[in-house]
Amino acid sequence: MQFLRNLRILVTGGAGFIGSHLTETLLANGAQVAVLDNFDPYYPRQEKERNLEAFRNHSNYRFYEVDIRNQINLTKTFTEFRPQVVVHLAARAGVRPSLNDPEGYADVNVRGTAILLEEARKSGIRNFVFASSSSVYGKHSGEPFRETDNTDSPLSPYGATKKSGEALCFTFHHVYGMSISCLRFFTVYGPRQRPDLAIRKFVRLALNGEEIPVYGDGSSCRDYTHIRDILSGIIGAIRWGESDMPRFGIFNLGSSNPILLRELLDKIEKYIGLPLKRKCLPFQPGDMISTFADTTLAQRELGFRHDVLFDDGLREFVEWMKTQNSE
Ligand SMILES: NC(=O)c1ccc[n+]([C@@H]2O[C@H](COP(=O)([O-])OP(=O)(O)OC[C@H]3O[C@@H](n4cnc5c(N)ncnc54)[C@H](O)[C@@H]3O)[C@@H](O)[C@H]2O)c1
């Protein structure tokens, strides 16, 4: 990945799950990386500080504790670091909590994205990568999901904010000629996964011998995608955006292998080696019944690959969780 050498990349939300892995990989490939993060209290700051530990002392790494909605501090960061590429991962990221705070989600994910895009434009950024989500597909009939499918009916405020973020990105590409890729991540898992996400929550409860809430009859399914595969897509998108001609693209990053909720629980039981205590609860409003990515476009344009087999990734994840004091 020679093209990354000395490229100056600003990663917003870089203290989080996906951002910290991305930062580590970019640094390992010779990029200069600045993480911008406000340690949003959605989950503990301590956990995010731990995410940064692996590269805290790397000579090509800088950290800015900044909120993307603070235009003054954003300008200071851009002036000081002078990024060439922005990878925008900072967001309020939970689906269910967005039902209780639609305004807060819109504020960070839509207003914050607009402020960041404007700052990027003023700083002459030509290459911008935006973290979107499979949640934009919402009320979807027919599978697998393709980027050309209708996304006018997201089922949660979170999904609606990501759809709005994509629209803003298109506008900035159209008006200012910035290259922008919007990456629709399909449920990402792996070490450092967000504590609110299903796999981590289930494994934690199982290791502690606690009850696992199972929403619905277990027939919902998710296209779980390993963090290593997601990284290949993000790096492919950075390279794609380095072209001379301004481009805009929306790409699914998923593993095209939907796993039923009940199948997931059986596999966790197998890899932990203990029977799970399952508690059946009603299906949750805002949740999608299934997600399933068609990644033909990302494979062709970004060189994206989904290499990690779910069983391998899950086994590795369970081993990682055992080292985390079951948090
Ligand atoms: N993890 C997934 O399965 C998944 C799926 C689809 C999309 N995404 C998107 O990918 C991105 C990263 O997700 P993640 O799972 O790593 O989440 P995460 O919560 O671990 O990381 C997001 C980071 O953004 C930071 N942040 C939040 N608000 C901010 C603000 N106002 N200013 C600056 N920083 C702020 C948080 O402190 C956090 O460190 C998000 O945009 C999310 O919506 C994630």
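Here the structure is shown first, and the text comes after it.
Nothing here was measured: the structure is a model prediction, and the numbers come from that model. (Residues numbered from 1 in each chain as written. Predicted model: local features only at pLDDT ≥ 70, side-chain atom pairs only at ≥ 80, totals over all residues. Heavy atoms only, no water.)

Chemist: Any chance you could break down the overall build of the protein chain for me, citing the residues and the numbers?
Modeler: Assigned secondary structure in the protein chain consists of ten helices and 13 strands. Taking 327 residues into account, the globule formula puts the C-alpha radius of gyration at 20 Å, and the protein chain, at 19 Å, falls close to it. Its C-alpha atoms give the protein chain principal-axis dimensions of about 55 × 45 × 35 Å. Taking all 327 residues of the protein chain together, the buried fraction comes to 56%. (Helix = DSSP H or I, 4+ residues; strand = E, 2+ residues; numbered from the N terminus. Rg over C-alpha atoms; globule rule 2.2 N^0.38 Å. Buried < 20%, exposed > 50% of the residue type's maximum accessible area, 1.4 Å probe, protein only.)

Chemist: Give me the lowdown on the sheet that holds strand 5 (residues 127–133), citing residues and values where you can.
Modeler: Think of a sheet as strands paired side by side through backbone hydrogen bonds, with each pair either parallel or antiparallel. Across the sheet, which stays open at both edges, the seven strands sit in the order 3-2-1-4-5-6-11 with parallel pairing between neighbours. Across the chains shown, the open sheet's two edge strands, defined by having one partner strand only, are strand 3 (61–65) and strand 11 (248–253). Taken over all neighbouring pairs, the strand axes of this sheet differ in orientation by 20° on average, direction set aside. Pairing of strand 1 (residues 8–12) with strand 2 (residues 32–37) involves five bridges; the strand directions are parallel. Directly across from Leu10, in strand 2, lies its bridge partner Ala34. Helix 5 (residues 157–176) contacts strand 5, strand 6 (179–185) and strand 11 of the sheet and is inclined by roughly 160° relative to strand 5. (Pairing = 2+ DSSP bridges. Axes fitted to C-alpha atoms, helices over the stretch in contact; angles between N-to-C directions. Contact = heavy atoms within 4.5 Å.)

Chemist: Run through the site of the ligand, naming residues and quoting values.
Modeler: Lining the immediate surroundings of the ligand are 30 residues, of which Asp37, Tyr43, Leu89, Tyr158 and Val188 lie closest. Contacts to the ligand include Asp67, whose side-chain N or O atom sits 3.0 Å from a nitrogen atom. If the ligand stood free it would expose 820 Å²; the protein chains cover 98% of that surface. For the shell around the ligand, the secondary structure elements donating two or more residues are helix 1 (17–28), strand 5 and helix 5. (Near = heavy atom within 4 Å. Polar contact = N/O pair within 3.5 Å; in protein donor to acceptor, adjacent residues only side chain to side chain. Areas by Shrake-Rupley, 256 points an atom, 1.4 Å probe, with all protein chains shown as cover.)

Chemist: Account for helix 2 (residues 45–52), with residues named and values stated.
Modeler: For helix 2, the complete set of buried residues consists of Glu47, Lys48, Asn51 and Leu52. Angular distribution of buried residues about the axis of helix 2 spans 145°; they occupy a single face of the element. Against helix 1, strand 3 and helix 6 (198–207) lie the buried residues of helix 2. (Arc of directions from axis to C-beta.)

Chemist: Provide a residue-level description of the pattern of salt bridges, including the pertinent values.
Modeler: Counted according to the given criterion, the structure contains 24 salt bridges. The partner of Arg69 in a salt bridge is Asp107, and the shortest N-O contact between them spans 2.7 Å. One end of the pair, Arg69, is in the loop between strand 3 and helix 3 (71–81); the other, Asp107, is in helix 4 (residues 102–122), with 38 residues separating them in the sequence. Judged by relative accessible area, which is 25%, Arg69 ranks as partly exposed. Its salt-bridge partner being Lys322, residue Glu319 comes within 3.4 Å of it at the nearest N-O pair. Of this pair, Glu319 and Lys322 both sit in helix 10 (residues 310–322), separated by three residues, roughly a single helical turn. Taking the relative accessible area as the measure of exposure, Glu319 reaches 44% and is therefore partly exposed. Its relative accessible area of 45% is what places Lys322 among the partly exposed residues. (Salt bridge = Lys/Arg side-chain N within 4 Å of Asp/Glu carboxyl O.)

Chemist: Give me the lowdown on the packing of helix 1 against helix 7 (residues 227–241), citing residues and values where you can.
Modeler: For the pair helix 1 and helix 7, the least separation of the axes is 10 Å and the interaxial angle reads 65°. Crossing hand, helix 1 versus helix 7: right-handed. Judged by residue contacts, Phe17, Ile18, His21, Leu22, Thr25 and Leu26 of helix 1 engage Ile227, Ile230, Leu231, Ile234, Ile235 and Ile238 from helix 7. Classifying every residue of the contact of helix 1 with helix 7 by side-chain character gives ten nonpolar, two polar and no charged. (Left-handed = near helix turned anticlockwise from the far one by under 90°. Nonpolar A, V, L, I, M, F, W, Y, C, P; charged D, E, K, R; others polar.)

Chemist: If you had to explain helix 3 to someone new, which residues and values would you point to?
Modeler: Each α-helix winds once per 3.6 residues, and so residues spaced three or four apart point in a common direction. Turning to helix 3, its buried residues are Leu74, Thr77, Phe78 and Phe81. Here the buried residues of helix 3 occupy an arc of 95° about the axis, which is enough to place them on one side. Among the exposed residues of helix 3, those oriented more than 90 degrees off its buried face are Ile72, Lys76, Thr79 and Glu80. Looking at the buried side of helix 3, the elements it contacts are strand 1, strand 2, strand 3, strand 4 (85–88) and helix 4. Taken from the residues just after helix 3, Arg82 is the one with a positive phi, measuring 50°.

Chemist: Lay out the side chain of Asp294 in plain terms, naming residues and giving numbers.
Modeler: With respect to the helices and strands, Asp294 occurs in the loop between strand 13 (277–281) and helix 9 (296–302). When its relative accessible area of 12% is taken as the criterion, Asp294 is described as buried. Within the structure, Asp294 has its side chain in polar contact with the side chain of Thr296 (distance 2.5 Å). Beyond its immediate chain neighbours, meaning those up to four positions away, Asp294 contacts Pro144, Phe145, Arg146, Glu147 and Asn252.

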